[in-house]
Amino acid sequence: VTSTFSPASSAGVAFHRLIVDSAHPLTDDAVCLGFRVPESVTSTFTFTAGQHVIVRRAGAGGEVRRTYSICSSPNSGELQIGVRRIEGGALSTWLTEEVRIGDAIEVSAPIGKFGSELSDPLTRNIGLVAIGSGITPLLSLARTHLESTPDSTVTLVFGNRTNASTMFAEAVAALKDTYMSRFHVVHVLTRESRGIELLNGRIDSEHMSALLDMLLPHREVDHWFLCGPIEAVLGAQDALEASGVDTDLIHRELFYAEPTRRSPHVATSGTTVEVVLNGRTTVLYEEDLSGSILDGVMAQRTDAPFSCRNGVCGTCKARCVSGEVAMDSTWALDDAEIRDGVLLTCQATPVSENVRVEFL
Ligand SMILES: Cc1cc2nc3c(=O)[nH]c(=O)nc-3n(C[C@H](O)[C@H](O)[C@H](O)COP(=O)(O)OP(=O)(O)OC[C@H]3O[C@@H](n4cnc5c(N)ncnc54)[C@H](O)[C@@H]3O)c2cc1C
Ligand code: FES
């Protein structure tokens, strides 16, 4: 490994200690946490609807980082996240069971571009498909769009197990009360009867197609935003595409994907990867590249940006400016980014001898 300074700049992840100033249970296993943002970092924590933050917790076994979507609207002056506990989950168990008002938590500045299409003045009608905790970024989009764009409509298809397990049920109902004619909600439950067949069952491609045909004015929707487990999101995407919606108008955010099992990478003899991060270039050699490019950088430097290390959050994005890489999964990239040479360093290994990547 060699490192040199160069003028190119790119970002790591900076964390700030924020005090928890609200904690509302949402269901038996989910909580909405609000953070107090000191004036000195107000501009750092300015966000747009759909963005997320990274929460970091240092522990005896090392640090844990996880990503959480912001559920509040930028207009509200609040920074809030909604967390559902995952069985055996390191960070979600802590956030839902142990964290209390007054605790200081390490939170990154908001990042991500999910929902950026809301800033386009031509975006009038949006369609949202949320499954379970996938409501969090979509609630922010719904709130923001209804508040800021007077003649807009928002249609939400919201899949859950039961009413009692539905996160933000009250917030969704309150939006419906306020924006009766512009906000349409279709609740679909898997484990509790809603009396109409269409409103029960898993949201897969077939179910979504039936919902589109019977309930939604989907041809008037300018952009679709999908968030939830991978199968449901891909199923809803298929149904939308099959009904003629342009792929570029469908945007998705995934919270989790099963990790890709890969065997150790064997870099060709003589391979080098130049990595530009925070204005410093680090060169990785064959022996540094038995894992992903991110693994190689993390073994040498403490400022590499990452969260999930599993191809879903997008924190580790970089651009490949020369050479070629292969990626195990690309969930956090859209087609335009892939065409533009953007890569997920946590998923990328070099396939040509000399590669240069610049963190975004
Ligand atoms: C862009 C983005 C936004 C996110 N926003 C939110 C949000 O708003 N609210 C929220 O609650 N979560 C959100 N997540 C998920 C969150 O980052 C964590 O993955 C989640 O809280 C689990 O972390 P953990 O440390 O508790 O579990 P871990 O310790 O990471 O995992 C425990 C076990 O459960 C498995 N596992 C982890 N997550 C899941 C899952 N979702 N489904 C099935 N198995 C799983 C793991 O493989 C492991 O075996 C988001 C993720 C991303 C990438
Ligand atoms: S660290 Fe999450 S996509 Fe790479």
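Analysis parameters
- Residues numbered from 1 in each chain as written.
- Chains lettered and ligands numbered in written order.
- Predicted model: local features only at pLDDT ≥ 70, side-chain atom pairs only at ≥ 80, totals over all residues.
- Heavy atoms only, no water.
- Salt bridge = Lys/Arg side-chain N within 4 Å of Asp/Glu carboxyl O.
- Helix = DSSP H or I, 4+ residues; strand = E, 2+ residues; numbered from the N terminus.
- Buried < 20%, exposed > 50% of the residue type's maximum accessible area, 1.4 Å probe, protein only.
- Pairing = 2+ DSSP bridges.
- Axes fitted to C-alpha atoms, helices over the stretch in contact; angles between N-to-C directions.
- Core = buried A, V, L, I, M, F, W, Y, C linked by side-chain atoms within 4.5 Å.
- Contact = heavy atoms within 4.5 Å.

Q: Outline the pattern of salt bridges, listing residues and values.
A: When the charged atoms of two side chains with opposite charge come close together, those side chains can pair. Per the stated rule, a full pass over the model turns up 14 salt bridges. Across the pair K113 and D334 runs a salt bridge, and its minimum N-O distance is 2.8 Å. In this pair, K113 sits in the loop between β7 (104–108) and β8 (125–131) while D334 sits in the loop between β16 (325–327) and α7 (335–339), placing the two residues 221 residues apart along the sequence. Its relative accessible area of 42% is what places K113 among the partly exposed residues. By relative accessible area, which is 33% here, D334 ends up partly exposed. In this structure, R124 and D151 form a salt bridge, with 3.2 Å as the shortest nitrogen-oxygen distance. Of this pair, R124 sits in the loop between β7 and β8 while D151 sits in the loop between α2 (135–148) and β9 (153–160), placing them 27 residues apart in sequence. Residue classification places R124 among the partly exposed positions, given a relative accessible area of 31%.

Q: With reference to specific residues and values, describe the sheet that holds strand β3 (residues 30–36).
A: The strand order β5-β4-β7-β2-β3-β6 describes an open sheet built from six strands, whose pairing is antiparallel. Each edge of the open sheet carries a strand with a single partner, namely β5 (62–69) and β6 (79–84). Across the sheet, the mean angle from the axis of one strand to that of its neighbour is 40°, orientation sign disregarded. Where strand β4 (residues 52–59) lies against β5, eight bridges are found, and the strand directions are antiparallel. The partner of V53 across the bridge, within β5, is Y68.

Q: Please provide a residue-by-residue account of the nonpolar core, values included.
A: Core analysis: the largest hydrophobic core is formed by 27 residues, its most contacted members being L128, I135 and F183. Put simply, the parts of the chain that give this core at least two residues each are β3, β8, α2, β9, α3 (169–178) and β11 (223–228). In terms of residue count, the dominant contributor to this core is α2 (six residues). If near-sequence neighbours (up to four positions away) are discounted, I135 is found in contact with A130, L156, F158, M167, F168 and V172.

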